[in-house]
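Commentary on secondary and tertiary structure
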Amino acid sequence: GPACNARIPQKKNRGFQGRVPRCPQGKKSQVITGKVSHHNEPLVKIGLKLHGRIRQFSAVIDTGFNGYLALPKELIDPHHWKLGGSEKYEVATGKLEVFDFYLGHIQWDKRWTPVYALTTYAKDILVGTKILSNFILTIDFIRKKLKIH
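Numbers given for residues are sequential positions, taken from 1 along each chain in its written order. Residue-level local features of this predicted model are given only where pLDDT is at least 70; pairs of side-chain atoms are given and counted only at 80 or more, and the full residue set underlies all totals for whole chains, interfaces and linings. The side-chain values count all of the structure's non-hydrogen atoms but skip hydrogen atoms and water molecules.

Scored by pLDDT, the protein has a mean of 83; 81% of the residues are at 70 or more. In predicted models, pLDDT denotes the confidence assigned by the predictor to each residue on a 0 to 100 scale. Contacts between residues were defined by any pair of non-hydrogen atoms, one from each residue, lying within 4.5 Å. Within the model, the stretch residues 1–18 combines pLDDT values under 50 with 60 contacts to residues more than four positions away or in other chains. pLDDT under 50 marks residues 20–26. Its contacts with residues more than four places away, or in other chains, come to 17 contacts.

For the rest of this paragraph, the subject is the pairing of strand β1 (residues 32–36). Two strands qualify as a pair provided that DSSP identifies no fewer than 2 bridges between them. Helix numbers and strand numbers start at the N terminus; a helix is a DSSP run of H or I with at least 4 residues, a strand a run of E with at least 2. Sheet topology note: the β1/strand β10 (residues 145–148) ladder contains 4 bridges and is antiparallel. Its bridge partner lying in β10, threonine 33 is registered against lysine 147. Relative to strand β2 (residues 42–50), β1 is paired through 2 bridges, and the arrangement is antiparallel. In the sheet register, lysine 35 faces β2, and the bridge partner there is leucine 43. Where β1 folds back onto β2 in an antiparallel hairpin, the turn is made up of 5 residues, including asparagine 40, whose phi is positive at roughly 65°.

We call Phe, Tyr and Trp rings a pair once their centres come within 6.5 Å, taking the six-membered ring for Trp, and we label the pair stacked below 30 degrees between planes, edge-to-face above 60, and tilted otherwise. Across all of its chains, the model carries 5 aromatic pairs by this definition. Considering the side-chain rings of tyrosine 89 and phenylalanine 99, the 6.4 Å spacing of their centres and the 75° angle between planes classify their relative orientation as edge-to-face. Of this pair, tyrosine 89 sits in strand β5 (residues 82–90) while phenylalanine 99 sits in strand β6 (residues 96–108), and the two are 10 residues apart along the sequence. Within the aromatic cluster, the residues linked to one another by ring pairs are Phe65, Tyr89 and Phe99. Only when the NZ atom of a Lys or the CZ atom of an Arg is both within 6 Å of the ring centre and within 35 degrees of the ring normal do we say a charge sits over the ring. Here the guanidinium or amino end of lysine 49 rests over the ring plane of tryptophan 112, the centre of that ring lying 5.0 Å away. Against the face of tyrosine 121 rests lysine 73, its NZ or CZ located 5.1 Å from the ring centre.

You will see that aspartate 109, though not glycine, has its phi angle at about 60°, which is positive. On the secondary structure map, aspartate 109 appears in the loop between β6 and β7 (111–120). Even without a glycine there, the phi angle at lysine 110 is positive, about 65°. Relative to the assigned elements, lysine 110 resides in the loop between β6 and β7. Buried residues are those whose accessible area, probed at 1.4 Å on protein chains only, stays under 20% of the maximum for their type, while exposed residues exceed 50% and partly exposed ones sit between those limits. A relative accessible area of 69% places lysine 110 in the exposed class.

Now for the side chain of serine 37. Looking at where serine 37 falls in the secondary structure, it is placed in the loop between β1 and β2. Setting aside residues up to four positions removed in sequence, serine 37 forms contacts with Leu43 and Lys144.

Counting through the fold element by element, valine 91 comes out in the loop between β5 and β6. Setting aside anything within four residues of it in sequence, one finds valine 91 in contact with Glu97 and Phe99.

Here is the structure:
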């Protein structure tokens, strides 16, 4: 998966060091399918562990976000996500803002994949281009479908 073996940023690193755990070897990527909403947002399902249970959530594919994942703060379960530090990101207004980031796992491509997640006060989950970096994304706005392979 695309989040495998990524270097963990060393600046402002509070909780962990080294590499993100390796993804299972020898597994071929599955085709991930999604849809385009009536607001023209490309959506996919991801799995998160919350309070000991796996729950599926819709997430917006955001090609303008070059991180892994942005999650609403209330979806960070401290039993499954480890605080890594904080980073500055430029938001849509052009302003630089500081966000906490966590290391955790999401269900992506039919397997649990290690990722970094920024926490936000927004309600949407955003999938960034770092998760997509080893995939091909096809969005068909006419048919309201998307494929990631």
